Amino acid sequence: MDKAPHMEHDRGTWGSNFGFLMAAVGSAVGLGNIWGFPYKMGSKGGFAFLVIYLLLVVFVGVVVMLGELTIGRKTGLGAVGAYAKLSKKYKWVGYLGILSAFTLLAFYNVLGGLVMRYMFGFILEILGVDGFSGAEGGFFDYILFDYSGMIFFHVLFIVCNVVIVMGGIQGGIEKFCTVAMPALFFMLLFVIIYVAFQPGAGQGYKDMLTPDLKPISTFGGFVDVLKTAAGQMFFSLSLGMGAIISYGSYLDKKENLQKNSLIIPACDTLIAVMAACAVLPACAAFGMEYNQGPGLLFNTMQNVFLSMGSFGSFVGFMFYFLVFIAAVTSSISLFEAIVTWRIDVNREKGKKTNRTTIMCVAAVCSLIVGLPVALDALGSPDAAVKAPYLLLGMTPEQLDAGQVPMAIDAWLDFFDVISEGIFMPLGALVMSVLIGWKWKTKNLVVPECEQSGHKFWGYGFFDFCFKFITPLGMLVVLGGQIYDFFIKALLA
Ligand code: TRP
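Computed from a predicted model, the values in this text were never measured in an experiment.

**Section: the overall build of the protein chain**
Argument step 1. Summing up its helical and strand segments, the protein chain has 21 helices and 0 strands in all.
Argument step 2. Its C-alpha atoms give the protein chain a radius of gyration of 22 Å, near enough to 23 Å, the size a compact globule of 492 residues would have.
Argument step 3. For the protein chain, the C-alpha atoms occupy an extent of roughly 70 × 50 × 50 Å along the three principal directions.
Argument step 4. When burial is assessed residue by residue, the protein chain has 59% of its 492 residues classed as buried.

And the structure:
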């Protein structure tokens, strides 16, 4: 008896292409858009950065996106299964993706928890209670050492993920994203408009839109902007670790992959630019620096909203609520990459799968991996858990002198660097070379994209990119990140 259709149904599918798009855009739109993009754009050439970023999205981002969607939908499997099915030898690329999922989750969950803490802080402010005791610039430093608070919100954020992913593809992820992503869009629009009316906001737009060619006027400067933009583009589109492969594996054969591979990066870029239109003018209006790490999202933005008076608390709540949506719709796709992998393994063995059990195990594992990130106070020497550089015997003085590689200056950066700096670009590099040269665009991508009569008009473009431009772009990402994260400090 043919059991396949029934089992197909077991695995689940998206209810509609729109639902899939919302989930995929949800995965792409995350902390990278709302926090990383604005400050990188603000500090690396403004409009010039944007132009380079857009070129990278078109020539590398869209292409890798299509590659992942194709691999996922063609095989109907998550990253590990998909690579194994296409060629046994490359199964390791799939495992690299699972590893990236855990390393990304290690810090993403902690940041998501912090965002929730700020969201609740503003709810308390609205209710007239002091939501940030010890605030006025000091709250971020305070919360980092409030270990029980850090763990509480870390766990709370993971629980939100469990609740959504447990519901399955259609009943959980799609349902949530279909409501949450449009809500995020409108809340962001509201924040942008509100910020636009703050006196002094104009300077922020000026900094964004005036092409500052100084950063790219020398070769070294150009390479610096190029690698920053390339790394940002790549991270922002959730590429290189199999999340998009997994989401693609649940997509109906009648949907148009080529079109989807354009829409997702377009929406992601739109939200990134919109976030810049909210964050940079807000900082400018209150005379704050954009060029900050985690401080921008937590310190600076909090102070901006607190200083806007009582309505500011409401806008602050809205801002952190939308950042929460951005974060959780991204982290569920990381969890789903892991869950899909286990579901596929069980199906292959003919075992019944319990999505909830798998998700709970993944949640507990990610909680444990994330604990050092939650407890090292971003690498402070006084924290409960020591940062990697301290464990290795380096000193805070060396840190101040810029001699500690970013890879080891805090557990957050450690996990960020190994996933974003090595595993993911390596995964995408191997994938584009495999598609361009081994599996071939015409044998793999074309037939999959032409399912149900869709025309694959971009063949020439995609084939050329898979073969040459994308591998080159990925080398820039890989080389740039390795230099920034490991080598730069050693030369200081
Ligand atoms: N794109 C997410 C952001 O912009 C982060 C991210 C990178 C991600 N890779 C991912 C999310 C893979 C989910 C899956 O913040």
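Continuing now.
**Points about the site of the ligand**
Argument step 1. Looking at the ligand, there are 17 residues lining it, with Ala-28, Leu-31, Gly-32, Tyr-108 and Phe-235 nearest.
Argument step 2. Here Leu-31 contributes a backbone N or O atom positioned 3.0 Å from an oxygen atom of the ligand.
Argument step 3. A distance of 3.1 Å is found between a nitrogen atom of the ligand and a side-chain nitrogen or oxygen belonging to Ser-238.
Argument step 4. Calculation on the ligand without its partners gives an accessible area of 360 Å², and the protein chains cover 100% of this total.
Argument step 5. Only helix 2 (17-28), helix 3 (31-43), helix 6 (91-126), helix 11 (219-236) and helix 15 (310-349) provide two or more residues apiece to the shell around the ligand.
Argument step 6. Of the residues contributing to the shell around the ligand, the split by class is 9 nonpolar, 8 polar and no charged.

**Quick look at the layout of surface pockets**
Argument step 1. Considered as a void within the structure, the largest pocket measures approximately 1000 Å³ in volume.
Argument step 2. Taken together, 39 residues make up the lining of the largest pocket; nearest its centre are Tyr-39, Met-406, Asp-413, Asp-416 and Phe-485.
Argument step 3. Elements that contribute at least two residues to the lining of the largest pocket include exactly helix 3, helix 6, helix 11, helix 19 (411-439) and helix 21 (459-491).
Argument step 4. No other element matches the 7 residues that helix 3 contributes to the lining of the largest pocket.

**Notes on the pattern of salt bridges**
Argument step 1. Counted by the stated rule, this structure contains 10 salt bridges.
Argument step 2. Arg-73 serves as the salt-bridge partner of Glu-448, at 2.8 Å between the closest nitrogen and oxygen. Of this pair, Glu-448 sits in helix 20 (residues 441-449) while Arg-73 sits in helix 4 (residues 47-75), and the two are 375 residues apart along the sequence.
Argument step 3. Exposure remark for Arg-73: the relative accessible area of 3% places this residue in the buried category.
Argument step 4. Residue Glu-336 pairs with Arg-355 through a salt bridge whose shortest N-O separation is 2.8 Å. Of this pair, Glu-336 sits in helix 15 while Arg-355 sits in helix 16 (residues 355-375), and the two are 19 residues apart along the sequence. Across this residue pair, the class does not change: Glu-336 and Arg-355 are buried.
Argument step 5. A single network of salt bridges, built from pairs that share partners, joins Lys-44, Asp-224, Lys-227, Asp-484 and Lys-488.

**Side note on the packing of aromatic side chains**
Where two aromatic rings form a pair, the distance of their centres and the angle of their planes describe that pair.
Argument step 1. Tallied over the entire structure, the rule returns 40 aromatic pairs.
Argument step 2. Consider the rings of Phe-49 and Tyr-53, whose centres lie 6.2 Å apart with planes at 20 degrees: the pair is stacked. On the criterion of helical spacing, the pair formed by Phe-49 and Tyr-53 is a turn pair, its members being 4 residues apart in helix 4. By the burial criterion, Phe-49 is buried, and Tyr-53 matches it.
Argument step 3. Each ring, one from Phe-122 and one from Phe-132, has its centre 5.0 Å from the other, and the planes form 70 degrees; the classification is edge-to-face. Taken together, the residues span a long stretch of sequence, with Phe-122 in helix 6 and Phe-132 in the loop between helix 6 and helix 7 (139-145) at a distance of 10 residues. As far as burial versus exposure is concerned, Phe-122 and Phe-132 are alike and both buried.
Argument step 4. Directly above the ring of Tyr-250 sits Arg-11, whose terminal nitrogen or CZ lies 4.4 Å from the centroid.

**Describing unusual backbone geometry**
Argument step 1. Even without a glycine there, the phi angle at Ser-238 is positive, about 60 degrees.
Argument step 2. Look at Ser-238 and you get buried, because its relative accessible area is 13%.
Argument step 3. The residue Ala-377 is not glycine, and still its phi comes out positive at about 45 degrees.
Argument step 4. On the secondary structure map, Ala-377 appears in the loop between helix 16 and helix 17 (388-391).
Argument step 5. Judged by its relative accessible area of 6%, Ala-377 falls in the buried class.

**Description of the environment of Ala-374**
Argument step 1. Counting through the fold element by element, Ala-374 comes out in helix 16.
Argument step 2. By relative accessible area, Ala-374 is classed as buried at 1%.
Argument step 3. In this structure, the C-alpha to C-alpha distance between Ala-374 and Leu-144, residues 230 residues apart in sequence, is 7.9 Å.
Argument step 4. In this structure, Ala-374 is in contact with Val-110, Met-150 and His-154, ignoring residues within four places of it in sequence.

Rules used in this analysis
For every chain, the first residue of the written sequence is number 1, and numbering continues from 1 along that sequence. Reporting of local features is limited, given that this is a predicted model, to residues whose pLDDT is at least 70; pairs of side-chain atoms are given and counted only at 80 or more, and all residues count toward the totals for whole chains, interfaces and linings. Just so you know, side-chain values use all the structure's heavy atoms and leave hydrogens and water out. Strands here mean DSSP runs of E at least two residues long; helices mean DSSP runs of H or I at least four residues long; both are numbered from the N terminus. Two things to know: the radius of gyration comes from C-alpha atoms, and the globule rule equals 2.2 Å times the number of residues to the power 0.38. Each residue is assigned to one of three classes by its accessible area relative to the maximum for its type, calculated with a 1.4 Å probe on protein chains only: buried under 20%, partly exposed between the two thresholds, exposed over 50%. Any residue with a heavy atom positioned within 4 Å of a molecule or strand is treated as near that molecule or strand. Polar contacts, as used here, are pairs of N or O atoms within 3.5 Å; protein pairs need one atom able to donate a hydrogen and one able to accept it. Residues neighboring in sequence count only if both atoms are side-chain atoms. Residue exposure ignores everything except the shown protein chains as possible cover, and the areas themselves are Shrake-Rupley values with a 1.4 Å probe. Side-chain classes follow a simple rule in which Ala, Val, Leu, Ile, Met, Phe, Trp, Tyr, Cys and Pro form the nonpolar group, Asp, Glu, Lys and Arg form the charged group, and the remainder, Gly included, forms the polar group. A pocket, in this scheme, is an open set of points on a 1 Å grid over the protein atoms alone with protein on both sides within 12 Å along at least 5 of 7 lines, while a cavity is a set where a 1.4 Å probe fits but cannot get out; residues line either one if an atom lies within 4 Å of a point. Grid points are joined across faces, edges and corners, and a volume is the space filled by probe spheres set on the points. For this analysis, a salt bridge means a side-chain nitrogen from Lys or Arg found within 4 Å of a carboxyl oxygen belonging to Asp or Glu. Geometry of aromatic contacts follows a simple scheme: Phe, Tyr and Trp rings, the Trp one being its six-membered ring, pair when their centres are within 6.5 Å, and the pair is stacked under 30 degrees between planes, edge-to-face over 60, tilted otherwise. Geometrically, a lysine NZ or arginine CZ counts as sitting over a ring once it is within 6 Å of the ring centre and also within 35 degrees of the ring normal. Here a residue-residue contact requires only that any non-hydrogen atoms of the pair lie within 4.5 Å.

Geometry only, nothing functional implied.
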